[in-house]
Amino acid sequence: MLPILKSVSKLSSLHRCLHHCFSSATTSLQKDADFTSLFNSCVNINATKKLHALLIVFGKSQNVVLSTKLINFGNLRPDFYTFPPILKACVHLVDGKKVHCCVFKMGFENDVFVAASLIHLYSRFGVLNVAHKVFVDMPVKDVGSWNAMISGFCQNGNAAGALGVLNSMKVEGVKMDTVTVSSILPVCAQSDDIVNGVLIHLHVLKHGLDADVFVSNALINMYSKFGRLQDAQRVFDDMEVRDLVSWNSIIAAYEQNNDPNNALRFFKGMQLVGIRPDLLTVVSLTSIFGQLSDQRISRSIHGFVIRREWLEKDVVIGNALVNMYAKLGDMNCAHTVFDQLPRKDTISWNTLITGYAQNGLASEAIDAYNMMEECINIIPNQGTWVSIIPAYSHVGALQQGMKIHGRLIKNSLYLDVFVATCLIDMYGKCGRLEDALSLFYEIPQETSVTWNAIISSLGIHGHGEKALQLFKDMLAERVKADHITFVSLLSACSHSGLIDEGQKCFDIMQKEYGIKPSLKHYGCMVDLLGRAGFLEKAYELVSSMPMQPDASIWGALLSACRIHGNSELATLALDRLLEVDSKNVGYYVLLSNIYANTGKWEGVVKVRSLARDRGLRKTPGWSSVVVGSKAEVFYTGNQTHPKYTDIYKELKVLSAKMKSLGYVPDYSFVLQDVEEDEKEQILNSHSERLAIAFGIISTPPRSSIRIFKNLRVCGDCHNATKYISKITEREIVVRDSNRFHHFKDGICSCGDYW
């Protein structure tokens, strides 16, 4: 009985002391949480323990300064259990370094737990060199140490470092566990290393690690990144236990690989087993219904998000909604959601810029980027450049694109394969082919992405032979061609009239590379054959396609019919076009032009009436020319420009000189039934001629002129520009909707084949 009474007495005394300290601490906390007096009042180990309890109660136990004081107080010596939680609690690198010094002085740097905590600390702050030194200096390493170092490289985006540590781990005979596998699989996808990914999967199966749900989820994500959806689904199907992450992973796998129907099927399966969607599920759903162009359900998802107030919780879901509306082509709604975001990050701006660019609204994309630049807390990243550079390409804004290039050179980001590809494409589309080639030879050429960009650039400039040679160089470098490579090659052959070479590429693609032709490949072949005058062959190819021809296929055939004046086949092509895309006014214009060229004015009236009845209006032709730093835009028949009198005067002088050299106006390109003198006036007022004349009167003699046109150059303007280049001794570069024309000394680079 007496020992019990003594224990009760001790407890009461401890309680009174703790109560006293608690009261003092409460008062102290009201005075800026000053614990100094409490530390001074501790005279023994019991009081120190009570103070420790108070620190825990008030949430101060992870404060580095107070924790360090506690360690140093009362002659308490920390052990290897002490340092890991303190290192984890460090919120500043300088605090971590102080604790590291303490670890070193007390001789705990060789303890595996403490060393692993130090590796985690330095990795968290991105100081990988110190983390790796701690790791290398460890005399003994357990699997946790290896995992810590692999994780450190992973979280800092250093795939090569992570895989290097993994290889050393194998050499040392240390077996991977579930943590190792879950950490390293994302790195295999990041470094495009499918071989290591499959070997790790074999290790997982051999050692029974696939029973771990985290490992299986990581495998699904890895196979998804490689586009191996069957392997991802096989892993999912073999899982005995699936959590919400498993379902989100398989849904995202199909969604991110442009298979929205299967993604939706798995979402319905998830609902059937009673798993409720979370925010990440809804992020995938926004993309799924955006891809399916389902306006109604997309708006329902938006309502679902608003009802749960998720826009306020996470910027990710807001960005997903902006992206969803962009995919639906509704940039007004996309911008409205963007404006409503309570917090915007770099991805928010990138999504908006990309949405405008991909919907053909390059000027709006540039405006959005300019607004982003005004936000001092938003730092552009790789995604920003990949978004905005194509917008500059679209409008031919060479100077702005070059400024971005200069900015990227400072931080070497121009060497990034995706950024460099955009820059190559920009220089190519802005008529600076030499700069595009120069950049191509400066950057890494390990993947097909950069090769595809330069082959495409050569193609639009009419250098089909060079494009084919570069393809041979690509194969010699053991870079594997993909489906985009062959789209670029076939397009290059089409622009250069290389019929046999194009057909050979089409055959090689299927027989040697096992690539099934897509709609884009068929479109290039129809354009190749049709442009060369093989209209029947082109139509036979369309008729034999294993999939339903889309608007691009019939449009290519219709364009070929216009070049070669086949109104009968053109009518058939238009009928098919109206079945798949009845709202594109360009097709009506093409057929109208065909009738006009053959003098069938009744057909012209009929087609124009049909377009008018359907509320369709022809896209007005415009051309722009850059003089100094300003782009001047001219529309056909424009008489509002401040210098229009000087422009028309120059055109009159040029017209007289052209006729003296043998130029004869081609009135077949006048699509109005008017007198010949009026037809000549109409030809002279085409937008590209106005832009060229303005360029001549506004720039020094013999300097180059660059023109950007939204429609295809007409035959008469093409002929006239050849004469003008000879008369003025200038190089005139014209980019129309399809390709580039370099006019010099009376000759065009296209060889009159376009």
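Residues numbered from 1 in each chain as written. Predicted model: local features only at pLDDT ≥ 70, side-chain atom pairs only at ≥ 80, totals over all residues. Heavy atoms only, no water.

1. Description of the overall build of the chain
Here is step 1 of the chain: Along the chain, the regular secondary structure elements total 41 helices and six strands.
Here is step 2 of the chain: Against the compact-globule benchmark of 27 Å for 754 residues, the chain has a radius of gyration of 34 Å, which places it well outside the compact range.
Here is step 3 of the chain: Principal axes of the C-alpha set define a box for the chain whose edges measure 125 × 55 × 50 Å.
Here is step 4 of the chain: The proportion of buried residues among the 754 residues of the chain is 47%.
Here is step 5 of the chain: Considering only intrachain contacts with a sequence separation of at least 6, the fraction spanning at least 24 residues in the chain is 61%.
Here is step 6 of the chain: With the model as given, the accessible surface of the chain reaches about 38,000 Å², and the carbon-plus-sulfur share is 53%. (Helix = DSSP H or I, 4+ residues; strand = E, 2+ residues; numbered from the N terminus. Rg over C-alpha atoms; globule rule 2.2 N^0.38 Å. Buried < 20%, exposed > 50% of the residue type's maximum accessible area, 1.4 Å probe, protein only. Contact = heavy atoms within 4.5 Å. Areas by Shrake-Rupley, 256 points an atom, 1.4 Å probe, with all protein chains shown as cover.)

2. Focus: the pattern of salt bridges
A pair can form between side chains of opposite charge whenever their charged atoms are brought close.
Here is step 1 of the chain: Across all of its chains, the model carries 13 salt bridges by this definition.
Here is step 2 of the chain: Taking the shortest distance from any N to any O, the salt bridge between arginine 407 and glutamate 373 comes out at 2.6 Å. Of this pair, arginine 407 sits in helix 25 (residues 398-410) while glutamate 373 sits in helix 23 (residues 362-373), placing them 34 residues apart in sequence.
Here is step 3 of the chain: The salt bridge involving aspartate 527 is made with arginine 531; its shortest N-O contact spans 2.7 Å. Highlighted residues: aspartate 527 and arginine 531, both in helix 32 (residues 519-531), separated by four residues, approximately one helical turn.
Here is step 4 of the chain: On the basis of relative accessible area, arginine 531 is assigned to the buried category, the value being 6%.
Here is step 5 of the chain: A single salt-bridge network, built from bridges that share partners, covers Arg228, Asp231 and Arg234. (Salt bridge = Lys/Arg side-chain N within 4 Å of Asp/Glu carboxyl O.)

3. A few points about the sheet that holds strand 6 (residues 747-748)
Here is step 1 of the chain: With mixed pairing, the six strands of this open sheet are ordered in space as 2-1-3-4-5-6. Here the strands that pair on one side only, and so sit at the sheet edges, are strand 2 (630-635) and strand 6.
Here is step 2 of the chain: By the bridge criterion, three bridges tie strand 1 (residues 622-627) to strand 3 (residues 705-709) in an arrangement that is antiparallel. Residue valine 625 lies in a different strand from strand 3, and its bridge partner there is isoleucine 707. (Pairing = 2+ DSSP bridges.)

4. A word on the packing of aromatic side chains
In this description, an aromatic ring pair is defined by two values, namely the gap between the centres and the angle between the planes.
Here is step 1 of the chain: All chains considered together, the criterion is met by 15 aromatic pairs.
Here is step 2 of the chain: Here phenylalanine 236 and tryptophan 247 contribute two aromatic rings whose centre-to-centre distance is 4.9 Å and whose plane-to-plane angle is 75 degrees, an arrangement assigned as edge-to-face. Here tryptophan 247 lies in helix 15 (residues 244-256) and phenylalanine 236 lies in helix 14 (residues 229-238), a separation of 11 residues in the sequence. For the pair phenylalanine 236 and tryptophan 247, one class covers both residues: buried.
Here is step 3 of the chain: Ring geometry for phenylalanine 486 and tyrosine 513: centres 5.4 Å apart, planes at 65 degrees, overall edge-to-face. Here phenylalanine 486 is found in helix 30 (residues 483-496), whereas its partner tyrosine 513 is found in the loop between helix 31 (499-511) and helix 32, with 27 residues between them in sequence.
Here is step 4 of the chain: Joined through ring pairs, the aromatic side chains of Phe236, Trp247, Tyr254 and Phe266 make up one cluster.
Here is step 5 of the chain: Taking NZ or CZ as reference, arginine 242 lies 4.4 Å from the ring centre of phenylalanine 236, over its face. (Phe/Tyr/Trp six-rings, centres within 6.5 Å; stacked < 30°, edge-to-face > 60°. Lys NZ or Arg CZ within 6 Å of the ring centre and 35° of its normal.)

5. Some details on the nonpolar core
Here is step 1 of the chain: In terms of nonpolar packing, the biggest core is built from 181 residues, with Ile200, Ile388 and Ile389 touching the most fellow members.
Here is step 2 of the chain: Excluding residues that lie within four positions of it along the chain, isoleucine 389 makes contacts with Ile404, Leu408, Val419, Cys422, Leu423 and Met426.
Here is step 3 of the chain: Judged by nonpolar contacts, the second largest core, of 26 residues, contains Tyr663, Ile692, Ile696 and Cys748. (Core = buried A, V, L, I, M, F, W, Y, C linked by side-chain atoms within 4.5 Å.)

6. Section: the side chain of serine 387
Here is step 1 of the chain: Of note, serine 387 is situated in helix 24 (residues 382-395).
Here is step 2 of the chain: Here glycine 383 takes part through its backbone oxygen, which lies 2.6 Å from a polar atom of the side chain of serine 387.
Here is step 3 of the chain: Look past the residues within four positions of serine 387 in its chain and what remains in contact with it is Asn350, Ile353, Thr354 and Ala357. (Polar contact = N/O pair within 3.5 Å; in protein donor to acceptor, adjacent residues only side chain to side chain.)

7. Digging into the packing of helix 11 (residues 178-190) against helix 13 (residues 213-225)
Here is step 1 of the chain: Across the interface, helix 11 lies against helix 13 with an axial gap of 9 Å and an inter-helix angle of 10 degrees. Considering the angle they form, helix 11 stands roughly parallel to helix 13. Contacts from Thr178, Val181, Ser182, Leu185, Cys188 and Ala189 of helix 11 reach helix 13 at Phe214, Val215, Ala218, Leu219, Met222 and Lys225.
Here is step 2 of the chain: Split into classes, the residues belonging to the contact of helix 11 with helix 13 amount to nine nonpolar, two polar and one charged. (Axes fitted to C-alpha atoms, helices over the stretch in contact; angles between N-to-C directions. Parallel < 35°, antiparallel > 145°, perpendicular 65-115°, else oblique. Nonpolar A, V, L, I, M, F, W, Y, C, P; charged D, E, K, R; others polar.)

8. Remarks on unusual backbone geometry
Here is step 1 of the chain: With a phi angle near 55 degrees, serine 293 is a residue other than glycine that sits in the positive phi range.
Here is step 2 of the chain: The phi dihedral of arginine 478 is positive, around 60 degrees, even though this residue is not glycine.

9. Quick notes on the packing of helix 28 (residues 448-460) against helix 29 (residues 464-476)
Here is step 1 of the chain: Packing of helix 28 against helix 29 leaves a shortest axis separation of 9 Å and a crossing angle of 165 degrees. One finds that helix 28 runs roughly antiparallel with respect to helix 29. In the crossing of helix 28 with helix 29, the sense of the turn from one axis to the other is right-handed. The segment helix 28 lies against helix 29, with Ser448, Trp451, Asn452, Ile454, Ile455 and Leu458 engaging Lys466, Ala467, Leu470, Phe471, Asp473 and Met474.
Here is step 2 of the chain: For the contact of helix 28 with helix 29, the residue count by class is eight nonpolar, two polar and two charged. (Left-handed = near helix turned anticlockwise from the far one by under 90°.)

10. A short note on helix 17 (residues 279-291)
Here is step 1 of the chain: For helix 17, built from 13 residues, the straight-helix expectation of 18 Å at 1.5 Å per residue is met to within 8% by its first-to-last C-alpha distance of 19 Å.
Here is step 2 of the chain: For helix 17, the buried fraction is high: 10 of the 13 residues fall into the buried class.
Here is step 3 of the chain: Taken residue by residue, helix 17 has Leu279, Thr281, Val282, Ser284, Leu285, Thr286, Ser287, Ile288, Phe289 and Gly290 as its buried positions.
Here is step 4 of the chain: Those residues of helix 17 that are buried lie in contact with helix 15, helix 16 (260-272), helix 18 (295-307), helix 19 (310-313) and helix 20 (315-327).
Here is step 5 of the chain: One or two steps after helix 17, the chain reaches serine 293, where phi turns positive at roughly 55 degrees. (Expected span 1.5 Å × (residues − 1).)

11. Examining a nonpolar patch on the surface
Here is step 1 of the chain: On the surface, Val195, Leu199, Leu202 and Leu205 cluster together into a nonpolar patch covering about 380 Å² of accessible area.
Here is step 2 of the chain: Tracing the backbone through its elements, the reader meets valine 195 in helix 12 (residues 194-206). (Patch = residues over 30% accessible without salt bridge, like charges linked within 9 Å, V, L, I, M, F, W, Y side chains within 5 Å.)

12. Quick word on the confidence of the model for the chain
Here is step 1 of the chain: Predicted confidence across the chain gives a mean pLDDT of 86, with 91% of residues reaching 70 or more.
Here is step 2 of the chain: In this model residues 1-15 is a low-confidence stretch, pLDDT under 50, and it forms one contact with partners more than four residues away in sequence or in other chains.
Here is step 3 of the chain: Counting contacts from residues 24-33, a segment whose pLDDT is below 50, to residues more than four positions away or on other chains yields 11 contacts. (pLDDT = per-residue confidence, 0-100.)

13. Things to note about the pairing of strand 5 (residues 740-744)
Here is step 1 of the chain: Across the five residues of strand 5, four count as buried, placing the element largely inside the fold.
Here is step 2 of the chain: Here strand 4 (residues 732-735) pairs with strand 5 via four bridges, running antiparallel. Residue isoleucine 732 lies in a different strand from strand 5, and its bridge partner there is phenylalanine 743.
Here is step 3 of the chain: Joining the antiparallel neighbours strand 4 and strand 5 is a turn of four residues.
Here is step 4 of the chain: The sheet contact formed by strand 5 and strand 6 spans two bridges and is antiparallel. Within strand 6, the position partnered with lysine 744 by the bridge is isoleucine 747.
Here is step 5 of the chain: Linking strand 5 to strand 6, which pair antiparallel, is a turn of two residues; within it aspartate 745 sits at a positive phi near 55 degrees.

14. Brief notes about the environment of threonine 571
Here is step 1 of the chain: Checked against the element boundaries, threonine 571 lands in helix 35 (residues 567-580).
Here is step 2 of the chain: Along the chain, threonine 571 and leucine 558 lie 13 residues apart, while their C-alpha atoms are 8.2 Å from each other.
Here is step 3 of the chain: Here threonine 571 is in contact with Leu591 and Tyr595, once residues within four sequence places are set aside.

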